[in-house]
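Reading the structure
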Amino acid sequence: MEDKKEIYYKYFEEKILPLVLPLEKMRKKTVLKTAFLSLLFLILGIAFTFLFIVIMFYDRFIYILSPIVLFLMYVCFIKSIIVLIVAGKDFQDKLQQRVLPLFFEPVAHFTEWPKDRNLENIIESLLFYNFDTQEENFSFFGLYNNTNIIISDTKLTMPVKGAVKPDLFKGIIIQLEFDKSINNHVILMSKNEKKANPYHAFKSDIPELNRYLDLFQKKAGNINFITPDFWNAIKKLGEAYTAKGFDFSYRNNVIVIALRQKRPLRFGFLFKSLLKVKNYDELIERFIVIYDLIDILNNN
């Protein structure tokens, strides 16, 4: 098969590039506007700094004006940073809404999937304690190598009383449905995750995996799919999704992977061009690590 990244690169040049030209013009205008506002607040902050220094030489005004000027100085400096942060976040939100769907077609032909339709598999995975509700920001479905793929930005809330319910889980849930079945239920959970399942713990034949993950099985037996290639694949998956917590359930023919993320599933950067395909490598890699894992599991 043609290299997966090259497929995305070729598709970008042929199909996506013409569609992001208007967004690139918008990005440039946003950069100029944001830079101007940030610089303006920075200059004001410097001006208030000099004013504060001048006031310090006048005993008559020091107790009245110095707290006000000092406050304004800090506000301007902080505002110059906040302007950049807010503009960058808003821009990434626009990319997720308008550019992410453009990358659905290559390889797996993803399409939008109805939200909150994957509850049964999440419950049967036994990765979580009891939760109250499931909310999804987005969900999309694709097909690769005879394997159904569902990727969801999901939040599970805890079943407690109150207007605001704490999150039990917030991150990305990936579901894979294979043609073949392992006729077992195998769970892998990172050491920092709370263990919710009733199964016995086992050790794999991979010492590095045992250092970072706990392994549970419904019934004892050889786990043929846990190989060095599999371990390398899930490591890359965790890195691509900036996972600070990793849960993995393989039950019969369905895999559920829950990834708590260090940062949200955003991509791109306000000060990077939308016309250079290399700037989308982070996004493309998040698709490719899933395909690589599927290839490894289908070949075992």
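Throughout what follows, the structure given in this document is the object of discussion. (Residues numbered from 1 in each chain as written. Predicted model: local features only at pLDDT ≥ 70, side-chain atom pairs only at ≥ 80, totals over all residues. Heavy atoms only, no water.)

1. Remarks on the packing of helix α1 (residues 4-55) against helix α6 (residues 281-299)
Put simply, the test is: In this analysis, axes come from line fits to C-alpha atoms, helices being fitted only over the stretch in contact, and the angle between any two N-to-C directions falls in the range 0 to 180 degrees. By the criteria applied, helices consist of DSSP H or I runs no shorter than four residues and strands consist of E runs no shorter than two, each listed in order from the N terminus. Should an angle lie under 35 degrees it is considered roughly parallel, over 145 roughly antiparallel, and from 65 to 115 roughly perpendicular; all remaining angles are considered oblique. By definition, turning the near helix anticlockwise from the far helix through less than a right angle yields a left-handed crossing, and turning it clockwise yields a right-handed one. Any two residues whose heavy atoms approach within 4.5 Å at even a single point are treated as in contact.
The interhelical angle for the contact between α1 and α6, taken along N-to-C directions, is 140°, at an axis separation of 10 Å. Classified by the angle between their axes, α1 and α6 sit oblique to one another. Considering only the axes of α1 and α6, their crossing is right-handed. Between α1 and α6, the contacting residues are Lys4, Lys5, Tyr8 and Tyr9 on the first element and Asp281, Ile284, Phe287, Ile288, Tyr291, Asp292 and Asp295 on the second.

2. Digging into the layout of surface pockets
Applied cut-off: As defined here, a cavity is a set of points on a 1 Å grid over the protein atoms alone where a 1.4 Å probe fits but cannot get out. A pocket is an open set with protein on both sides within 12 Å along at least five of seven lines, and residues line them when an atom is within 4 Å of a point. Grid points are joined across faces, edges and corners, and a volume is the space filled by probe spheres set on the points. Three residue categories are used. Nonpolar comprises Ala, Val, Leu, Ile, Met, Phe, Trp, Tyr, Cys and Pro, charged comprises Asp, Glu, Lys and Arg, and polar comprises the others, including Gly.
Roughly 290 Å³ of internal volume is contained in the second largest pocket. Around the second largest pocket, the lining comprises 13 residues; the ones closest to its centre are Ser190, Tyr212, Leu213, Trp231 and Phe246. Going through the elements one at a time, α5 (228-240) and β8 (243-251) are the ones with two or more residues in the lining of the second largest pocket. The element best represented in the lining of the second largest pocket is α5, accounting for five residues. Each residue belonging to the lining of the second largest pocket can be placed in one class, and the counts come to six nonpolar, four polar and three charged.

3. Quick notes on empty space enclosed by the protein
Per the stated rule, a full pass over the model turns up three cavities of 30 Å³ or more. By volume, the largest cavity amounts to about 70 Å³. What lines the largest cavity is Leu100, Phe140, Ile151, Tyr241, Leu265, Leu283, Arg286 and Phe287. Broken down by class, the residue content of the lining of the largest cavity amounts to seven nonpolar, no polar and one charged.

4. Some remarks on the nonpolar core
Where we set the bar: We call a set of buried Ala, Val, Leu, Ile, Met, Phe, Trp, Tyr and Cys residues a nonpolar core when their side-chain atoms join them within 4.5 Å. Summary of the burial criterion: residues with accessible area below 20% of their type's maximum are buried, those above 50% are exposed, and those between are partly exposed, where the area comes from a 1.4 Å probe applied to protein chains only.
Ranked by internal contacts, the top residues of the largest apolar core, which has 67 residues, are Phe103, Phe230, Leu237, Tyr241, Phe287 and Ile290. For isoleucine 290, the residues in contact, after removing those within four places along its chain, are Ile149, Ile151, Ile174, Leu176, Leu237 and Tyr241. Within the second largest apolar cluster, 15 residues are counted, among which are Leu127, Phe128, Leu156 and Val254.

5. A short note on the pattern of salt bridges
Short version of the rule: Each reported salt bridge corresponds to a side-chain nitrogen of Lys or Arg within 4 Å of a carboxyl oxygen of Asp or Glu.
Applying the stated criterion to the full structure yields nine salt bridges. Aspartate 292 is the partner of lysine 4 in a salt bridge, and the nearest nitrogen-oxygen pair spans 3.3 Å. Of the two residues, lysine 4 sits in helix α1 while aspartate 292 sits in helix α6, which places them 288 residues apart along the sequence. By relative accessible area, which is 13% here, lysine 4 ends up buried. Here arginine 286 makes a salt bridge to glutamate 282, at a shortest N to O gap of 3.0 Å. Separated by four residues within a single helix, arginine 286 and glutamate 282 lie in helix α6, roughly one turn from each other. Residue arginine 286 is classed as buried on the basis of its relative accessible area, which comes to 3%.

6. Thoughts on the pairing of strand β3 (residues 147-157)
Heads up, the condition is: Only when DSSP finds a minimum of two bridges between them are two strands counted as paired.
Extensive coverage of β3 is indicated by the burial of nine of its 11 residues. Sheet topology note: the strand β2 (residues 133-144)/β3 ladder contains 11 bridges and is antiparallel. Each bridged residue has a counterpart across the sheet, and for threonine 133 the counterpart in β3 is threonine 157. The hairpin formed by β2 and β3 contains two residues between the paired strands, and asparagine 145 there has a positive phi angle of roughly 50°. Summarising the sheet, β3 and strand β4 (residues 167-177) pair through 10 bridges and their orientation is antiparallel. Bridge assignment links threonine 154 to a residue of β4, and that residue is glycine 171.

7. Re the packing of aromatic side chains
Selection criterion: Note on aromatic pairs: the rings of Phe, Tyr and Trp (six-membered ring only in Trp) are paired at centre separations within 6.5 Å, and the planes decide the class, stacked below 30 degrees, edge-to-face beyond 60, tilted for the rest.
A full pass over the atoms with the stated rule returns 22 aromatic pairs. Plain terms: the ring middles of phenylalanine 138 and phenylalanine 140 are 5.7 Å apart, the flat faces sit at 15° to each other, and that makes the pair stacked. Accessibility expressed as a relative area gives 12% for phenylalanine 138, which makes it buried. Ring geometry for tyrosine 212 versus tryptophan 231: centroids 6.4 Å apart, planes at 20°, classification stacked. Taken together, the residues tyrosine 212 in helix α4 (residues 207-212) and tryptophan 231 in helix α5 connect sequence positions 19 residues apart. Through successive ring pairs, a cluster of aromatic residues spans Tyr8, Phe104, Phe110, Phe138, Phe140 and Phe287.

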